[in-house]
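Survey of secondary and tertiary structure
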Amino acid sequence: MASSTVRPASHDLPDERGVSARLLESAAVLAYDPATEVDWETPLDKDFHGASPEWSTLYGTAYWAELTEAQRKELTRQEAASVASTGIWFEMILQQMVLRDIYAKDPTGADFQWALTEVAEECRHSIMFARGAQKLGAPAYRPHRLVLELGRAFKTVAFGEAAYAAILVAEEVLDVMQRDWMRDERVVPFVRTINNIHVVEESRHMKFAREQTRKRLTGAGRVRRHINAFVVAMASYFIVTSMVRKQVYECAGLDVERAVIEAKANEHHKSMMRASCSGLMEFLASARLLTRPALAFYKRANLI
């Protein structure tokens, strides 16, 4: 089995068919079954990283310089598993928001059918991430209890542009780092395959989220935009800050207290996060969702 799937060329239909119709066509041509595409049988090769080391929360710190190569590889494997677990958590929120949004809508419409297609892809992604984390030898990393409960509330009350913009934020942040991981030959092959599948299929989800955010904001007044900007920024903060749980350092055999302190002060990792979100911030600015209160949350999460 190849170490990663090849990203195919775009097969969009003519623009006049509409975004959802084009996405349905793309999904019919470019879809993967992780159960067969990913090499689940080959035992984990610990000579590989779990993610590009430059994306590690400790890369560039004094602590990183002290670690052996084996410790660095174990750390990136645990961090990749934590990111995957956070991805599962938010994909479950995403699926519920999308299903609630299309409830009672015309099932013959392309928007309805694409939404169900997206939910089906997210289900496969969640199973893929779960199996990937398990193969990396990681425990079930979960967000802090408070964040879990906030997520429960968010998925229940978020609607329209707030829901789709939050979906976009989570997907965009993952997309950039996973594009690096899937091309990096230092990363264990099955993780590269997982990342490649996710990047290809999430590109459709991001397109839909952008289109829906723009459409829902048409004619929105100043107060509505400010409220939604704040909700999306707050959701983004908790999503991004939950990606790598501090338990990864314990599972990697590191000094947790020291690792947490150095990770929080790691300017390299902060710059990587900011660079990964430049396109996202341009979109939010164009949608007039970068208010002063929102910017404060993005800065705290090192997204801007």
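Placed above this text is the structure.
Summarised in this report is the structure supplied together with it. None of these values were measured; they are calculated from a predicted model.

Rules behind the numbers
Here the residue numbering is sequential within each chain, running from 1 through the sequence in written order. Confidence filtering applies because this is a predicted model: local features only for residues at pLDDT of at least 70, side-chain atom pairs given and counted only at 80 or more, and all residues used for totals across whole chains, interfaces and linings. The basis for every side-chain value is the complete set of heavy atoms in the structure, and neither hydrogens nor water enter the calculation. A helix here means a DSSP run of H or I that spans at least four residues, while a strand means a run of E at least two residues long, and both kinds are numbered starting from the N terminus. Both definitions apply: the radius of gyration is a C-alpha atom measure, and the globule rule equals 2.2 Å times residues to the power 0.38. Relative accessibility under 20% of the residue-type maximum defines a buried residue, over 50% an exposed one, and the middle range a partly exposed one, all with a 1.4 Å probe and only protein chains included. Residue contacts are counted whenever heavy atoms from the two residues lie within 4.5 Å of one another. Summarising the geometry, the arc corresponds to the directions from the helix axis toward the C-beta atoms. To get an axis, fit a line to the C-alpha atoms, keeping to the stretch in contact for a helix; angles then go from 0 to 180 degrees between the N-to-C directions. Working rule for angles: under 35 degrees goes down as roughly parallel, over 145 as roughly antiparallel, 65 to 115 as roughly perpendicular, anything else as oblique. Here a crossing is taken to be left-handed if its near helix is turned anticlockwise relative to the far helix by less than a right angle, and right-handed if that turn runs clockwise. For this classification, Asp, Glu, Lys and Arg are treated as charged, while Ala, Val, Leu, Ile, Met, Phe, Trp, Tyr, Cys and Pro are nonpolar and the rest, including Gly, are polar. Here, a salt bridge means any side-chain nitrogen of Lys or Arg that lies within 4 Å of a carboxyl oxygen of Asp or Glu. Aromatic pairing here means that ring centres of Phe, Tyr or Trp (its six-membered ring) are within 6.5 Å. Orientation follows from the plane angle: under 30 degrees is stacked, over 60 is edge-to-face, and everything else is tilted. Charges are assigned to positions over rings by a cutoff of 6 Å between ring centre and Lys NZ or Arg CZ, combined with an angular limit of 35 degrees from the ring normal.

**What to know about the overall build of the protein chain**
Secondary structure summary: the protein chain contains 14 helices and 0 strands in total. When the helices and strands of the protein chain are read in sequence order from the N terminus, they spell out α-α-α-α-α-α-α-α-α-α-α-α-α-α. Computed over its C-alpha atoms, the radius of gyration of the protein chain comes to 19 Å, within 12% of the 19 Å expected for a compact globule of 304 residues. C-alpha extents for the protein chain along the principal axes are approximately 55 × 45 × 30 Å. Across the 304 residues that make up the protein chain, the buried fraction comes to 54%. Within the protein chain, contacts between residues separated by at least 24 positions form 82% of all contacts whose residues are at least 6 apart in sequence.

**What about helix H13 (residues 278-286)?**
Within the span of H13, buried status applies to Leu280, Met281, Phe283 and Leu284. Along the axis of H13, the buried residues cluster in a sector spanning 160°; they form a single face. Facing away from the buried side of H13 by over 90 degrees, the exposed positions are Glu282 and Ser286. Against the buried residues of H13 lie helix H7 (160-183), helix H8 (189-217) and helix H14 (292-300).

**Observations concerning the packing of helix H4 (residues 69-102) against helix H5 (residues 110-135)**
Closest axis-to-axis distance for the H4/H5 pair is 9 Å, and the angle between their directions is 160°. When the axis of H4 is compared with that of H5, the two are roughly antiparallel. Regarding H4 and H5, the two cross each other, and that crossing is left-handed. Side by side, H4 and H5 meet where Ala81, Ala84, Gly87, Ile88, Glu91, Leu94, Gln95, Val98, Leu99 and Ile102 of the first sit next to Phe112, Ala115, Leu116, Glu118, Val119, Glu122, Cys123, His125, Ser126, Phe129, Ala130 and Ala133 of the second. Here the residues of the contact of H4 with H5 sort into 15 nonpolar, 4 polar and 3 charged.

**Considering the pattern of salt bridges**
Pairs may arise between side chains of opposite charge once their charged atoms sit close together. For the structure on display, the rule yields 17 salt bridges. Among the ionic pairs, Arg224 bridges to Glu161, the shortest N-O distance being 2.6 Å. Within this pair, whereas Arg224 is found in helix H9 (residues 222-241), its partner Glu161 is found in helix H7, the two being separated by 63 residues in sequence. On the accessibility criterion, Arg224 (38% relative accessible area) is partly exposed.

**Quick word on the packing of aromatic side chains**
Tallying each qualifying case throughout the model produces 8 aromatic pairs. Centroid distance Trp40 to Phe190: 6.4 Å. Interplanar angle 50°. Geometry classified as tilted. Taken together, the residues span a long stretch of sequence, with Trp40 in the loop between helix H2 (34-37) and helix H3 (62-66) and Phe190 in helix H8 at a distance of 150 residues. Of the two residues, Trp40 and Phe190, neither departs from the other in class, the shared state being buried. The interplanar angle of 70° and the centroid separation of 6.4 Å between the aromatic rings of Trp89 and Phe90 together place this pair among those described as edge-to-face. Just as Trp89 is buried, Phe90 falls in that class too. Pairwise contacts between aromatic rings join Phe230, Tyr237, Phe238 and Phe297 into one cluster. One residue, Lys135, lies across the ring of Phe190, its end atom 4.6 Å from the ring centre. The positively charged end of Arg258 is found above the aromatic ring belonging to Tyr63, 4.3 Å away from the centroid.

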